[in-house]
Amino acid sequence: MAVLIACYSLTGTTRTVVAELARHLQADIEEIRCDRYDVSFMGWWRAAADSWRGRRPPIAPAVHGAGNYELVVLAGPIWAWHPCPPLRAYIQRERATLPDTALLLTHGGSAGQQSLDELQAWVGRPPKARLTVTAAEMKSGTYAEAVAHFAQSVRPRPALVPVQPASVPEVTR
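Residues numbered from 1 in each chain as written. Predicted model: local features only at pLDDT ≥ 70, side-chain atom pairs only at ≥ 80, totals over all residues. Heavy atoms only, no water.

Chemist: Sorry, what's going on with the overall build of the protein chain here?
Modeler: Scanning the protein chain for helices and strands turns up six helices and six strands. Taking the contacts inside the protein chain whose residues are at least 6 apart along the sequence as the reference set, 78% of them involve residues at least 24 apart. (Helix = DSSP H or I, 4+ residues; strand = E, 2+ residues; numbered from the N terminus. Contact = heavy atoms within 4.5 Å.)

Chemist: What exactly am I supposed to notice about the pattern of salt bridges here?
Modeler: Oppositely charged side chains can pair when the atoms bearing their charge come close. This model, assessed by the stated rule, comprises four salt bridges. Across the salt bridge formed by arginine 15 and glutamate 31, the nearest N and O atoms sit 2.7 Å from each other. One end of the pair, arginine 15, is in helix 1 (residues 13-25); the other, glutamate 31, is in strand 2 (residues 28-31), and 16 residues separate them in sequence. Classification of arginine 15 as partly exposed rests on a relative accessible area of 35%. Between glutamate 20 and arginine 23 there is a salt bridge, with the nearest N and O atoms lying 2.8 Å from each other. On the criterion of helical spacing, the pair formed by glutamate 20 and arginine 23 is a turn pair, its members being three residues apart in helix 1. Taking the relative accessible area as the measure of exposure, glutamate 20 reaches 17% and is therefore buried. The class for arginine 23 is exposed, based on a relative accessible area of 55%. (Salt bridge = Lys/Arg side-chain N within 4 Å of Asp/Glu carboxyl O. Buried < 20%, exposed > 50% of the residue type's maximum accessible area, 1.4 Å probe, protein only.)

Chemist: Help me understand the packing of aromatic side chains, please; the structure alone is not making it clear to me.
Modeler: For any pair of aromatic rings, the description rests on two quantities: the centre-to-centre distance and the angle between the ring planes. Applying the stated rule across the entire model yields two aromatic pairs. Taking the centre distance of 5.8 Å and the plane angle of 85 degrees together, the rings of tyrosine 8 and tryptophan 79 count as edge-to-face. Taken as a pair, tyrosine 8 in the loop between strand 1 (3-7) and helix 1 and tryptophan 79 in strand 3 (residues 71-79) lie far apart in primary sequence, 71 residues in all. Note on accessibility: tyrosine 8 and tryptophan 79 belong to one class, buried. Consider the rings of tyrosine 37 and tryptophan 79, whose centres lie 5.1 Å apart with planes at 75 degrees: the pair is edge-to-face. In this pair, tyrosine 37 sits in the loop between strand 2 and helix 2 (41-53) while tryptophan 79 sits in strand 3, placing the two residues 42 residues apart along the sequence. Per residue, the accessibility class of tyrosine 37 equals that of tryptophan 79, and both read buried. (Phe/Tyr/Trp six-rings, centres within 6.5 Å; stacked < 30°, edge-to-face > 60°.)

Here it is in structure tokens:
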């Protein structure tokens, strides 16, 4: 199954989780690139304000076409209790070509389920799976087990091959 992980990561936390997931799924990674945010006071302020206001910043063109995959995992951080704006911009641009999806968000410890619900609403249909990874899970390393379970839940089940009944010889008397 061809899998693409489309992710945005400003500080590298989401990128770390995505690398682990890609290893499990042998997935391609589409890094969503956005120059509007940086790791500075003004960058954080702009990111929080845009997230809170629901803005969609300009993002770079995609390298991988989402429509060429059977599954796209949408991944990014939660900023100001909402999925990050670059992920929102990616979904808006690619929504028409998105195949089945799975959702993954990283966060400091609040608004996980609410943000997954919001992300799911943007996509417009239920995902195959949803996962949030907290900063505490990252720090302790327990995120790897959650990611492995998530990968298992989105991996397709092998098709059952019908078994032909064994032929039974006729017994004559």
